Amino acid sequence: MIDFKTLLAGAKLPERTVPICLRGDLTAEFEALEEQLEEALRVPASSLEGDGSAGIAEQIEALREQMQAHTYRFRLRAMPHHVWMAFCADHPPRKDDDGGVDERDKLLGVNAETFWPALVRRSVVDPTLDDGEWATLGEALTDRQFNALADAAWALNRREIDVPFSPAASRMTRGSATE
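Given the structure is predicted, the values throughout are model-derived calculations rather than measurements.

**Some thoughts on the packing of aromatic side chains**
A ring pair, where both rings are aromatic, is described by two values, the distance of the centres and the angle of the planes. One pass over the structure, following the stated rule, counts eight aromatic pairs. Consider the rings of Phe115 and Trp116, whose centres lie 5.1 Å apart with planes at 80°: the pair is edge-to-face. Accessibility expressed as a relative area gives 0% for Phe115, which makes it buried.

**Notes on the environment of Ala11**
With respect to the element layout, Ala11 can be found in the loop between helix 1 (4-9) and strand 1 (15-21). For the pair Ala11 and Gly132, spaced 121 residues apart in sequence, the C-alpha to C-alpha distance is 34 Å.

**With respect to the nonpolar core**
With 23 residues, the main nonpolar core has Phe74, Leu76, Trp84, Phe115, Leu119 and Leu149 as its most contacted residues. Only strand 1, strand 2 (71-77), helix 4 (81-89), helix 6 (112-123), helix 7 (131-140) and helix 8 (143-158) provide two or more residues apiece to this core. Here this core gets six residues from one element, more than from any other, and that element is helix 8. When near neighbours in sequence (up to four residues on either side) are disregarded, Phe115 contacts Trp84, Phe87, Cys88, His91, Val110 and Trp154. Counting nine residues, the second largest nonpolar core, distinct from the first, contains Leu26, Ala40, Ile60 and Leu63.

**Topic: the pattern of salt bridges**
Using the criterion set out here, one finds ten salt bridges in the structure. With its nearest N and O atoms 2.8 Å apart, the salt bridge here joins Asp25 to Arg23. On the accessibility criterion, Arg23 (25% relative accessible area) is partly exposed. The residue Glu103 makes a salt bridge to Lys106 at a minimum N-O spacing of 2.9 Å. Here Glu103 pairs with Lys106, and both are found in helix 5 (residues 103-106), just three residues apart, close to one helical turn. Linked by salt bridges that have partners in common, Glu15, Arg75 and Arg77 make up one network.

**With respect to the side chain of Asn157**
For Asn157, the position within the fold is in helix 8. The class for Asn157 is buried, based on a relative accessible area of 16%. Look past the residues within four positions of Asn157 in its chain and what remains in contact with it is Ala78, Met79, Trp84, Leu119 and Ser123.

Rules of the game
Residues numbered from 1 in each chain as written. Predicted model: local features only at pLDDT ≥ 70, side-chain atom pairs only at ≥ 80, totals over all residues. Heavy atoms only, no water. Phe/Tyr/Trp six-rings, centres within 6.5 Å; stacked < 30°, edge-to-face > 60°. Buried < 20%, exposed > 50% of the residue type's maximum accessible area, 1.4 Å probe, protein only. Helix = DSSP H or I, 4+ residues; strand = E, 2+ residues; numbered from the N terminus. Core = buried A, V, L, I, M, F, W, Y, C linked by side-chain atoms within 4.5 Å. Contact = heavy atoms within 4.5 Å. Salt bridge = Lys/Arg side-chain N within 4 Å of Asp/Glu carboxyl O.

Shown next, in the form of structure tokens:
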């Protein structure tokens, strides 16, 4: 039988990581090389040197490795319920001209302009950043990258936390159990 008190003593808030490449400028170079590779593979090789696709593929792989070297896995953590409720209360929805809730804030019931940046900042536990670093990061992230962090922070606090399932691990352990 499961001992609840033992489980409670070891309870931890859910966490998630979000990989963010901080060298997005390399994407254009990657895309250009992809186009070159596709073109090289379309044209039949006319010499003993081949179509050049192997060299382009090596450049792509080197660039991919460079992008991975500039990718940081941000770690985010959920807030306890009472902290979440107070956090949301700190970002009340804006009022429209008639005194009602502004359309932009109706869906979630918070001030969307202040809530999302604060949520990301409150949820990221690694890296630990000071105000200046947060400002620098804010200038380095695309809207999509910021939204990836915001989506993860929202999910940690508002969506179900299930026991994950790995089909690959399941196949491997199921297969090894019978061997």
